Structures are given as C-alpha cells and as structure tokens.
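# Fold and geometry: a report
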Amino acid sequence: YADSAMYLAKRSGRNDFRFYSKDLTASAEERLTLESELRRAIERGELELHYQPKVHLQNGTIFGSEALLRWRHPKRGMIPPDQFIRIAEETGLITELGHWVLREACETATELNADGLPLHKVAINLSAREFQCQDLSKTVADCLEMTGCRAEWIEIEITESLLLNEKDGTLETLSRLRSMGISIAIDDFGTGYSALNYLSRYPIDTLKIDRSFINSTNKSSAELVKAILSIARCLGQNVVAEGVETVGQAAFLAANGCEAAQGFLYSRPLPKSEIMRLPRRVGDTGLTV
Ligand code: C2E
Ligand code: MG
Ligand code: MG
Ligand code: MG
C-alpha cells in the first residue's frame, strides 16, 4: 500500500504525498481492525442472515429464498458481505464463517418447512475458498443431521469461477452434494467466461441470470437473456432472474418464458422473523407482481 501510494503521489506531480500516504495507511490499519473484529463477530453473535424471497413470475408465489450474510457491527452498523467476505477468504476465517452460515440457514430451512407448509428452499452462497476445505460434503451432511434439515430444503449457490478454475475435487464434491439431494445453482450466470462446456460436465439444477443483464437497457442484453433462457431450456435447467426491480423487467422475463425471479420489486432481503411471517399460499403472498 505504502509503495503504491508513493508511486501515485510522485506520478501526480503534486505536493500531496502526505495526504495519499496517510489515507492508505489508515485503510490498511482499518483492514487489520476489521479482521480482528470479524474474528470475534461470530462468538459475539453479530452475524445475521437475511432472506430474499424467490418468486414464481406467473403468480407471485414464494418458493424459496436466498440467505444473505450481514454483520451487525456494534459501532459501524450493518456491514454488507462485499465488505468482509474477501477479508474472511484471505485470512481463512471463511471456514468458520461458512459453517455458521450453513448451520443458521439449515435451521431456518427446517422451520420454514415445518409440517404441512409448502416447500421453501433456502439457497446458501458458498465461495470458491469454501470448496477448498476438505470434506465440504461431510460438513453439509453433519449440518443437515444436526438441524433436522432435509437436503431438498436447501440449495447451494456457486459462481462460474469455481467451475472454470477447476480444482481437484470440485466435481466430486458437487456430485456428492447432488446425490444427497441438494440442488446446485450457478450464481451471477453470464459474468464469468464463455466456457459453456462446464454446463454439461457439472451437475447443475439452476442458472441465476446476473442482474447486470436484467437491469441493462442495452438491446443486446435483452438478446443475451433470451439466449440464456434458451440454453437452460435445452439443458433442462431452471432459471432465476436476479435483481428484478421494475414491472417492465418482470413482464419481459415472463414473456420470454422465465419462470422465477428475485429482486427489490418483490422484496428486499428480510430478517429471519419477517421471512417466517410471509404467507406462502397462492393469492396471499402480499407481494404485488
Ligand atoms: P449474490 O449471491 O449474487 O446476491 C445477490 C445480491 O444482490 C445481494 O447483495 C442482494 O441484496 C442484491 N440484490 C437483490 N435484489 C436486488 C435488486 O433488485 N437490485 C440490486 N441492485 N441488488 C439486489 P448482498 O446481500 O450485498 O450480497 C452480495 C454478495 O455477497 C452476494 O452476491 C454473494 O456473492 C456474497 N454473499 C452473501 N452472503 C454470503 C454468504 O453467506 N457466504 C458467502 N460465501 N458469500 C455471501
Ligand atoms: Mg447468491
Ligand atoms: Mg448473484
Ligand atoms: Mg454476486
């Protein structure tokens, strides 16, 4: 950090070296603070999962939700995952964090699927780093047993990069999870690389179209959405459109055969108490579509 600050300051040719240097040093320090605070956040109960509903585009029925991690920091307030997942990955804290997420999400899934209620699948984000931990499938199996959660009640969301930078054991782990009855979704689909061959090599149930395609006004984005829907149809995969914010976007997706969506149009991610209260029978979801 210090070196690049000096470089930037020299290049800028202005007398603002001190300013840059102080600024960047502060952020390195801040990172260290955040790291040690994150270490304690789990035991102090500062982490929370919020759940964003996934809905059927035709009738607005909620069929599941995505668990999204939040850190309720005592001084900084609510911190979104983009601001600490990377630190967690780089320091190895992600293992402990991931276990907490898994357990919490499975507990919620068990409650959401209590007797008689229609299926509500809870999706769990796993980063590539979590796949490098040995025995991920065993960790998941233990977690299901401990929480009384059935495999059909959860889904794992992974990103394309995991499948593209193929590491030993990825295919095996995914196949094991799949054979346990857990479904697998590709998150942010279309933002990785165009190596589509992995789609036929890996056991994948669902493609989640990245929100950059959904909220673009670019004509070619619309064509790409249609192309993705067509790929999914051919391969027998489900599709969820991410980041749907307007009625127009929902209408376009429905008209082109997309079955499911997620986004602020329907709901923001909700705390557990609120997702538990949302009715799920057709007609009384309370969501306007
Ligand atoms: P993601 O899995 O692609 O999650 C979707 C993100 O889009 C979420 O951001 C969600 O709040 C946001 N979003 C949903 N609908 C809309 C919309 O209509 N408009 C816009 N502009 N945004 C929308 P969030 O919660 O900040 O999460 C960011 C990323 O952090 C996630 O992207 C995921 O990659 C990662 N993440 C979240 N929770 C976990 C976790 O428990 N474990 C791991 N490993 N990663 C996580
Ligand atoms: Mg996700
Ligand atoms: Mg996504
Ligand atoms: Mg993402």
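Residues numbered from 1 in each chain as written. Chains lettered and ligands numbered in written order. Predicted model: local features only at pLDDT ≥ 70, side-chain atom pairs only at ≥ 80, totals over all residues. Heavy atoms only, no water.

## Section: the confidence of the model for the protein chain
Stated precisely, the cut-off is as follows: Along the chain, pLDDT gives the predictor's confidence residue by residue, from 0 to 100. Whether two residues touch is decided by their heavy atoms; if any such pair falls within 4.5 Å, the residues are in contact.
Chain-level pLDDT for the protein chain is 87 on average; 87% of the residues reach the 70-or-more range. The model gives residues 1-20 a pLDDT under 50, and that stretch makes twelve contacts with residues more than four places away or in other chains. Scored as a complex, the prediction yields pTM 0.89 and ipTM 0.98.

## Things to note about the site of ligand 1
As a reminder of what qualifies: Residues are labelled near a given molecule or strand when at least one of their non-hydrogen atoms is within 4 Å of it. Between N or O atoms, a polar contact is any pair within 3.5 Å; within protein, one atom must be a potential hydrogen donor and the other a potential acceptor, and residues adjacent in sequence are included only when both atoms are from side chains. The method behind every accessible area is Shrake-Rupley, applied with a 1.4 Å probe, and residues are considered shielded solely by the protein chains displayed. Helix and strand definitions follow DSSP, with helices as H or I runs of at least four residues and strands as E runs of at least two, each counted in order from the N terminus.
Within the structure, ligand 1 sits among 23 residues, and Glu 66, Arg 70, Asp 187, Glu 245 and Phe 264 are positioned closest to it. At a separation of 3.0 Å, a nitrogen atom of ligand 1 approaches a polar side-chain atom of Gln 52. The separation between an oxygen atom of ligand 1 and a polar main-chain atom of Phe 264 is 2.8 Å. The protein chains hide 84% of the 810 Å² of surface that ligand 1 would expose on its own. Secondary-structure elements contributing two or more residues to the shell around ligand 1 are strand E2 (62-73) and strand E6 (183-189).

## Things to note about the pattern of salt bridges
Our working definition: For this document, the term salt bridge refers to a Lys or Arg side-chain nitrogen within 4 Å of an Asp or Glu carboxyl oxygen. When a residue's accessible area, from a 1.4 Å probe over protein chains only, is under 20% of the maximum for its type it is buried; when over 50% it is exposed; and in between it is partly exposed.
Tallying each qualifying case throughout the model produces 18 salt bridges. In this structure, Arg 72 engages Glu 48 in a salt bridge whose closest nitrogen and oxygen atoms are separated by 2.5 Å. Note that Arg 72 is positioned in strand E2 and Glu 48 in strand E1 (residues 47-56), a separation of 24 residues in sequence. Glu 48 gets classed as partly exposed once you look at its relative accessible area, which sits at 21%. Between Asp 205 and Arg 178 there is a salt bridge; the shortest N-O distance is 3.1 Å. Of the two residues, Asp 205 sits in the loop between helix H9 (198-201) and strand E7 (206-209) while Arg 178 sits in helix H8 (residues 170-180), which places them 27 residues apart along the sequence. What makes Asp 205 buried here is its relative accessible area of 18%. On the basis of relative accessible area, Arg 178 is assigned to the partly exposed category, the value being 32%.

## Concerning unusual backbone geometry
The phi dihedral of Asp 188 falls on the positive side, at around 50°, and the residue is not glycine. You can call Asp 188 partly exposed: its relative accessible area is 26%.

## Digging into the side chain of Glu 242
Here Glu 242 is to be found in the loop between strand E8 (238-241) and helix H12 (247-255). A polar contact of 3.3 Å, which involves the side chain of Glu 242, links it to the backbone nitrogen of Asp 188. Non-local contacts of Glu 242, meaning those with residues more than four positions away in its chain, are made with Asp 187, Asp 188, Lys 208, Ile 209, Asp 210, Arg 211, Ile 214 and Gln 262.

## Observations concerning the coordination of the magnesium ion (ligand 3)
Test applied: For Na, K and Ca the donor cut-off is 3.2 Å, while for other metals it is 2.8 Å, and in both cases only N, O and S atoms qualify; water is not among them, so sites may look incomplete.
Here the magnesium ion (ligand 3) is held by Asp 187 (OD), Asp 188 (OD), Glu 242 (OE) and Glu 242 (OE), and the distances to it run 2.1 to 2.6 Å. Linear spacing of the donor residues for the magnesium ion (ligand 3) on their chain is D-D-x53-E. If you look at the magnesium ion (ligand 3) and the magnesium ion (ligand 2), they sit 4.1 Å from each other and are both ligated by Asp 187. With Asp 188 in strand E6 and Glu 242 in the loop between E8 and H12, the pair connects residues that are 54 residues apart, well separated along the chain.

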